[in-house]
Amino acid sequence: MPKMLVVDDDPAWRALYRMGFEGDFEVFEAVDGLDALAALDRVRPDIIVLDLKMPHLDGMGFLRQMERRGMKVPVIVCSGMFSMDSPPAIPGVFPATKSPDLRNVWSALEAAELWKRPSGAIEEVAVPAIPTA
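Residues numbered from 1 in each chain as written. Predicted model: local features only at pLDDT ≥ 70, side-chain atom pairs only at ≥ 80, totals over all residues. Heavy atoms only, no water.

1. Regarding the environment of Ile 76
Along the chain, Ile 76 turns up in strand 4 (residues 75-78). Distance from Ile 76 to Leu 50, taken between C-alpha atoms, is 6.0 Å for residues 26 residues apart in sequence. With sequence-adjacent residues up to four places away left out, Ile 76 is seen in contact with Ile 47, Ile 48, Val 49, Leu 50, Phe 94, Ala 96, Val 105, Ala 108, Leu 109 and Ala 112. (Helix = DSSP H or I, 4+ residues; strand = E, 2+ residues; numbered from the N terminus. Contact = heavy atoms within 4.5 Å.)

Below is the structure:
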């Protein structure tokens, strides 16, 4: 089962992501960027769901640290800090509207799976279908 690291300082959001994804991913949690950095080697996530505004080390700082470490894990950024009309253009980072309706996150997960697969393997996407209800 693929591993997901959820990085958010709000326990309600972490619980929502866990409930929404634990049937399809082994979900691990971190409360901020520092906690997430400590978890990276232990968890070895296949995907990261990241908030940007957090104490100690924010999401952008976490992304910079991942880049310094040479890590190429796809990251879904769920934040109200940027507009979906002009999301940050960072390779391997996929924006999703932060909303209790997780369909945007599922769409970003599908895009992330396409990004990390070798060219020509697009038809083999293994991300679960987007829930319709």
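2. Quick notes on the packing of helix 2 (residues 33-43) against helix 3 (residues 59-68)
Interhelical geometry of helix 2 versus helix 3 gives an angle of 25° and a closest axis separation of 9 Å. In terms of their interaxial angle, helix 2 and helix 3 are classed as roughly parallel. Classified by chirality, the crossing of helix 3 by helix 2 is right-handed. Of the residues in helix 3, those in contact with Gly 33, Ala 36, Leu 37 and Leu 40 of helix 2 are Phe 62, Gln 65 and Met 66. Broken down by class, the residue content of the contact of helix 2 with helix 3 amounts to five nonpolar, two polar and no charged. (Axes fitted to C-alpha atoms, helices over the stretch in contact; angles between N-to-C directions. Parallel < 35°, antiparallel > 145°, perpendicular 65-115°, else oblique. Left-handed = near helix turned anticlockwise from the far one by under 90°. Nonpolar A, V, L, I, M, F, W, Y, C, P; charged D, E, K, R; others polar.)

3. Brief notes about helix 2
Buried within helix 2 are the following residues: Gly 33, Ala 36, Leu 37, Ala 39, Leu 40 and Val 43. The elements touched by buried residues of helix 2 are strand 1 (3-7), strand 2 (26-30), strand 3 (47-50) and helix 3. At the N-terminal end of helix 2, a side-chain oxygen is found 3.0 Å from the backbone nitrogen of Leu 34, two or three residues along, and the residue is Asp 32. Of the residues trailing helix 2, Arg 44 is marked for its positive phi of about 50°. (Buried < 20%, exposed > 50% of the residue type's maximum accessible area, 1.4 Å probe, protein only. Polar contact = N/O pair within 3.5 Å; in protein donor to acceptor, adjacent residues only side chain to side chain.)

4. Remarks on the pattern of salt bridges
Tallied over the full model, the rule gives five salt bridges. With a closest N to O distance of 2.7 Å, Asp 8 and Lys 98 form a salt bridge. Of this pair, Asp 8 sits in the loop between strand 1 and helix 1 (11-21) while Lys 98 sits in the loop between strand 5 (93-96) and helix 4 (103-116), placing them 90 residues apart in sequence. For Lys 98, a relative accessible area of 22% gives the class partly exposed. A salt bridge links Asp 51 to Lys 98, with the nearest nitrogen and oxygen atoms 3.3 Å apart. Taken together, the residues Asp 51 in the loop between strand 3 and helix 3 and Lys 98 in the loop between strand 5 and helix 4 connect sequence positions 47 residues apart. Each member of the salt-bridge network shares a partner with another, and the members are Asp 8, Asp 51 and Lys 98. (Salt bridge = Lys/Arg side-chain N within 4 Å of Asp/Glu carboxyl O.)

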